[in-house]
Amino acid sequence: MDDGFLMEVCVDSVESAVNAERGGAGRIELCAGLVEGGTTPSMGLLQVVKQCVRVPVFVMIRPRGGDFLYSDREVEVMKADIRLAKLHGADGLVFGALTEDGRIDTELCTALLAVCRPLPVTFHRAFDMVHDPLVALETLISLGFERVLTSGCDSSALEGLSLIKRLAEQVMSSARCMTLGLFLPGGGITERNLQRILEGSTASEFHCSARSARDSGMKFRNPNVAMGASFSAPEYSIKVADVAKVRTLNAIAKNIL
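All values derive from a computational prediction rather than experimental measurement.

The rules we used
- Residues numbered from 1 in each chain as written.
- Predicted model: local features only at pLDDT ≥ 70, side-chain atom pairs only at ≥ 80, totals over all residues.
- Heavy atoms only, no water.
- Helix = DSSP H or I, 4+ residues; strand = E, 2+ residues; numbered from the N terminus.
- Rg over C-alpha atoms; globule rule 2.2 N^0.38 Å.
- Buried < 20%, exposed > 50% of the residue type's maximum accessible area, 1.4 Å probe, protein only.
- Contact = heavy atoms within 4.5 Å.
- Lys, Arg positive; Asp, Glu negative; His and termini not counted.
- Charge placed at Lys NZ, Arg CZ, Asp CG, Glu CD.
- Pairing = 2+ DSSP bridges.
- Right-handed = clockwise from strand over helix to strand, strands pointing away.
- Salt bridge = Lys/Arg side-chain N within 4 Å of Asp/Glu carboxyl O.
- Phe/Tyr/Trp six-rings, centres within 6.5 Å; stacked < 30°, edge-to-face > 60°.
- Core = buried A, V, L, I, M, F, W, Y, C linked by side-chain atoms within 4.5 Å.
- Polar contact = N/O pair within 3.5 Å; in protein donor to acceptor, adjacent residues only side chain to side chain.
- Axes fitted to C-alpha atoms, helices over the stretch in contact; angles between N-to-C directions.

**Q** How would you summarise the overall build of the chain if you had to cite specific residues and measurements?
**A** Secondary structure summary: the chain contains 8 helices and 10 strands in total. Computed over the C-alpha atoms, the radius of gyration of the chain is 18 Å, within 12% of the 18 Å expected from 2.2 N^0.38 for a compact globule of 257 residues. C-alpha atoms of the chain, sized along the principal axes, occupy 60 × 45 × 35 Å. Residues classed as buried in the chain amount to 50% of the 257 residues present. A fraction of 68% describes how many contacts in the chain between residues 6 or more apart in sequence connect residues 24 or more apart. If you average the places of the 27 positive and of the 31 negative side-chain charges in the chain, the two averages end up 5 Å apart.

**Q** Can you lay out the pairing of strand β2 (residues 27–30) for me, pointing to particular residues and giving the numbers?
**A** Burial along β2 is two-sided: the face carrying Arg27 and Glu29 and the face carrying Ile28 and Leu30 are both buried. Pairing geometry for strand β1 (residues 6–11) and β2, over 4 bridges, is parallel. Bridge pairing in β2 places Glu8 opposite Arg27. As a crossover connection, the stretch from β1 through helix α1 (residues 14–23) into β2 is right-handed. Of the strand pairs in this sheet, β2 and strand β3 (residues 57–60) are connected by 3 bridges, and their pairing is parallel. Paired with Ile28 across the two strands is Val57, which belongs to β3.

**Q** So what's going on with the pattern of salt bridges? Which residues, and what values?
**A** Scanning the entire structure with this criterion turns up 11 salt bridges. Put simply, Arg214 and Glu15 hold a salt bridge, and the shortest N to O gap is 2.7 Å. Here Arg214, found in strand β9 (residues 211–215), pairs with Glu15, found in helix α1; they are 199 residues apart in sequence, far enough to count as distant. When its relative accessible area of 32% is taken as the criterion, Arg214 is described as partly exposed. A cluster of three or more residues bridged by salt bridges with shared partners is formed by Glu8, Arg27, Arg147 and Glu205.

**Q** Outline the packing of aromatic side chains, supporting the account with residue identities and numerical values.
**A** A full pass over the atoms with the stated rule returns 2 aromatic pairs. Seen in terms of ring centroids, Phe95 and Phe145 are 5.5 Å apart; in terms of plane orientation they differ by 65°. Their pairing is edge-to-face. Pair noted here: Phe95 is in strand β4 (residues 92–95) and Phe145 is in the loop between α5 (133–143) and β6 (147–150), with a separation of 50 residues, a long-range link. Judged by its relative accessible area of 0%, Phe95 is buried. Phe145 gets classed as buried once you look at its relative accessible area, which sits at 0%. Where Phe123 meets Phe145, the ring centres are 5.2 Å apart and the plane angle is 90°; that geometry is what we call edge-to-face. Taken together, the positions of Phe123 in strand β5 (residues 121–123) and Phe145 in the loop between α5 and β6 put the pair 22 residues apart, joining distant regions of the chain.

**Q** I'd like a description of the nonpolar core, backed by residues and values.
**A** Most often, soluble globular proteins have nonpolar side chains that are buried together. Judged by nonpolar contacts, the single largest core of 69 residues is most densely connected at Val9, Phe95, Phe123 and Phe206. Counting 6 residues, the second largest nonpolar core, distinct from the first, contains Cys10, Cys31, Leu34 and Phe58.

**Q** Tell me about the side chain of Glu74, and please be specific about residues and values.
**A** Within the secondary structure, Glu74 sits in helix α3 (residues 72–87). A distance of 2.6 Å separates polar atoms of two side chains, one belonging to Glu74 and the other to Arg64. When neighbours within four sequence positions are excluded, Glu74 is seen to be in contact with Pro63, Arg64 and Leu69.

**Q** Can you lay out the sheet that holds β2 for me, pointing to particular residues and giving the numbers?
**A** Strand order in the open sheet made by the 8 strands is β7-β6-β5-β4-β3-β2-β1-β8, with parallel pairing throughout. The open sheet has two free edges, formed respectively by β7 (182–185) and β8 (205–208), since each of these has just one partner strand. Taken over all neighbouring pairs, the strand axes of this sheet differ in orientation by 25° on average, direction set aside. Against the sheet, α1 makes contact with β1 and β2, and its axis sits at roughly 165° relative to β1, the strand it touches most.

Below, the structure is given as structure tokens:
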């Protein structure tokens, strides 16, 4: 953490991980499938990222996009991915799980936390899909998560700022406040709104992607074929963490103090 703030950058490639560190990120959240909000990365990606950066790397454990209600087989995949991520050098894990009625799945989270330990664990933005965020927070405190990534149950951290502040106040007033370390505002954070979010949330960490589009190096291009669904990213444009954007966000966070 630098000057009281720590910037976590979510990345899905080695290039983005290196750029995030160069720009001043204090931690990396490693994912695949950022178009879907982040899924579990390959262990090959984790291995190479760990060889290329020195900052802590937290690994997303999410077997698919979509909701956070998991089948028994998906749970087995999650447990296997956690064990592999620990084996290949993960510094922390990131996951979330809900029941069908929008509550924290305490039984599953307890089982997954046991597999994750002794590494620290973040409950990700599954939190933004809960039925009652104040009740969900108490559950996460009792379970022992180190931090919660949230946009305040809204479309962005700026839109959900009032709830983030309320949740942070609830943590500080709890007799068990030392169990849950911090809130990690994330979702739509840019250089235009970061100062307002940090000042309004009392957060000491924040989460962003800070990406820009980079044109593909391909000279031959077939415009008639796409590798994914119609809403997916263009085939010949690659989004990567932008060193300049990361540096700008880091500078804004430092100047708030």
